[in-house]
Amino acid sequence: MSVLRKASITVLYFAAASTATGLTVEEVELPSHNSDAGALEPSLKLSELAGLLAGRHPKTSLASILEQSSWAVDAEMVEDPVTVTLRGGEEVAVICPVSGG
């Protein structure tokens, strides 16, 4: 019998993302998927996180903000979100574009 392990990440919202959600931090449980060994393991590609977060905040402008944003995982900027798999315990920051004048 396999035990389903639950895991979550901490999402940090800044600037427009914080304004849209009304939050600066949110704990997000990761969905579970079958691992190569056949066990259910929590995981999520970073490239899929925007859709998950937008679904949690459907009546906001978060989806469009995330389309323009960058990501940092555990204080490291991410070049290609497709290459990063979240497994739980990570701190993920939404880095919104800024303009200056």
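Here, every reference points to the structure presented above.
Quick look at the structure, then. (Residues numbered from 1 in each chain as written. Predicted model: local features only at pLDDT ≥ 70, side-chain atom pairs only at ≥ 80, totals over all residues. Heavy atoms only, no water.)

The next thing to look at is the overall build of the chain. Across its full length, the chain holds three helices and nine strands. Starting at the N terminus and walking to the C terminus, you meet the elements of the chain as β-α-β-β-β-β-α-α-β-β-β-β. Summarising its shape, the C-alpha atoms of the chain cover approximately 60 × 30 × 20 Å along the three principal directions. The buried share of the chain, taken over its 101 residues, is 35%. (Helix = DSSP H or I, 4+ residues; strand = E, 2+ residues; numbered from the N terminus. Buried < 20%, exposed > 50% of the residue type's maximum accessible area, 1.4 Å probe, protein only.)

Only one face of strand β2 (residues 25-29) is buried, namely the one carrying Glu26 and Val28, since none of Val25, Glu27 and Glu29 on the opposite face is buried. Pairing between strand β1 (residues 8-13) and β2: five bridges, direction antiparallel. The residue bridging Leu12 from the neighbouring strand is Val25, located in β2. (Pairing = 2+ DSSP bridges.)

Among the structural elements, Thr21 can be located in helix α1 (residues 15-21). Accessibility expressed as a relative area gives 15% for Thr21, which makes it buried.

Our focus in this paragraph is the nonpolar core. In globular proteins that are soluble, nonpolar side chains generally tend to be buried together. Leu46, Leu49, Leu53, Trp71 and Leu86 are the most contacted members of the largest nonpolar core, which totals 22 residues. Every element with two or more residues in this core is listed here: β1, α1, α2 (46-56), α3 (62-68), β6 (70-73) and β9 (91-95). (Core = buried A, V, L, I, M, F, W, Y, C linked by side-chain atoms within 4.5 Å.)

Enumeration over the complete set of coordinates arrives at two salt bridges. Between Glu29 and Lys6 there is a salt bridge, with the nearest N and O atoms lying 3.5 Å from each other. Of this pair, Glu29 sits in strand β2 while Lys6 sits in the segment before β1, and the two are 23 residues apart along the sequence. The exposure class of Glu29 is partly exposed, given its relative accessible area of 45%. One salt bridge connects Glu26 with Arg56, and the closest N-O pair in it is separated by 2.9 Å. Of this pair, Glu26 sits in strand β2 while Arg56 sits in helix α2, and the two are 30 residues apart along the sequence. (Salt bridge = Lys/Arg side-chain N within 4 Å of Asp/Glu carboxyl O.)

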